[in-house]
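Here are the chains, one letter per residue:
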Amino acid sequence: MGVQSHARYVVYYSIDPEWWESMDMADALHPQTLLAYGMNGEELPVGFGGPLRMRLPRQLGYKNVKFINRLVITDNLKRFGKGLGSAAPESGYAWYAGI
């Protein structure tokens, strides 16, 4: 089935139920964006953010979530949290944290 053409965002959740983030599809598909699940031929250790870690070098650090346990691809961020796009803007930070 794959990703539908109207998908606009990727929402990703940490094991910590209070922390989640999102990015637009342009950042998700950017060649510098990494979704790490392994290291040196083994599963990604917890000490390095396993089981799954998001790395967005073009964004500020709080977008780089460790310990990811769920990914959602969606066309609208309004139904997640308070509808601001992630936990960061709910605490006063910007949703887009590009550098």
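Residues numbered from 1 in each chain as written. Predicted model: local features only at pLDDT ≥ 70, side-chain atom pairs only at ≥ 80, totals over all residues. Heavy atoms only, no water.

### Let's talk about the pairing of strand β2 (residues 20-24)
Where burial is concerned, most of β2 is hidden: four out of the five residues are buried. The turn joining strand β1 (residues 9-14) and β2, which pair antiparallel and follow one another in sequence, is formed by five residues. (Buried < 20%, exposed > 50% of the residue type's maximum accessible area, 1.4 Å probe, protein only. Helix = DSSP H or I, 4+ residues; strand = E, 2+ residues; numbered from the N terminus. Pairing = 2+ DSSP bridges.)

### Here's the deal with the sheet that holds β2
With antiparallel pairing, three strands are arranged side by side in an open sheet as β2-β1-β7. The open sheet has two free edges, formed respectively by β2 and β7 (68-74), since each of these has just one partner strand. Between one strand axis and the next, the sheet turns by 20 degrees as a mean value, whatever way the strands run. One ladder, built from six bridges, connects β1 with β7; its direction is antiparallel. Note on β7: the bridge partner recorded for Y9 is T74. (Axes fitted to C-alpha atoms, helices over the stretch in contact; angles between N-to-C directions.)

### Focus on unusual backbone geometry
Cis peptide bonds are those with omega within 30 degrees of zero, and the linkage from G50 to P51 qualifies with 20 degrees. With respect to the element layout, P51 can be found in the loop between β5 (42-43) and β6 (53-55). Positive phi, close to 55 degrees, is recorded for N40, a residue that is not glycine. Tracing the sequence through the fold places N40 in the loop between β4 (38-39) and β5. We classify N40 as exposed; its relative accessible area is 72%.

### Some details on the pattern of salt bridges
Counted according to the given criterion, the structure contains two salt bridges. The closest approach of N and O atoms between K63 and E21, which form a salt bridge, is 2.7 Å. With K63 in the loop between β6 and β7 and E21 in strand β2, this residue pair connects regions lying 42 residues apart in the sequence. (Salt bridge = Lys/Arg side-chain N within 4 Å of Asp/Glu carboxyl O.)

### Remarks on the nonpolar core
V10, Y12, M23, M25, L52, M54, L56, V65 and I68 together form the largest nonpolar core, which totals nine residues. If we skip the residues at most four places from it in the chain, V10 touches E21, S22, M23, M25, A28, L71, V72 and I73. Counting eight residues, the second-largest nonpolar core is a separate cluster that includes V11, Y13, F80 and A87. (Core = buried A, V, L, I, M, F, W, Y, C linked by side-chain atoms within 4.5 Å. Contact = heavy atoms within 4.5 Å.)

### Topic: the environment of G41
Relative to the helices and strands, G41 is located in the loop between β4 and β5. Since its relative accessible area comes to 79%, G41 is described here as exposed. Along the backbone, G41 and K63 are 22 residues apart, and their C-alpha atoms lie at a distance of 25 Å.

### Remarks on the packing of aromatic side chains
The tally for this structure, following the rule as stated, stands at four aromatic pairs. Seen in terms of ring centroids, Y13 and W20 are 6.0 Å apart; in terms of plane orientation they differ by 25 degrees. Their pairing is stacked. As far as burial versus exposure is concerned, Y13 and W20 are alike and both buried. Centre to centre, the rings of Y62 and Y93 are 5.4 Å apart; their planes meet at 50 degrees, and the pair counts as tilted. Pair noted here: Y62 is in the loop between β6 and β7 and Y93 is in the segment after α2 (87-90), with a separation of 31 residues, a long-range link. The exposure class assigned to Y62 is partly exposed, which follows from its relative accessible area of 21%. Members of the aromatic cluster, each reached through a chain of ring pairs, are Y13, W20 and F80. (Phe/Tyr/Trp six-rings, centres within 6.5 Å; stacked < 30°, edge-to-face > 60°.)

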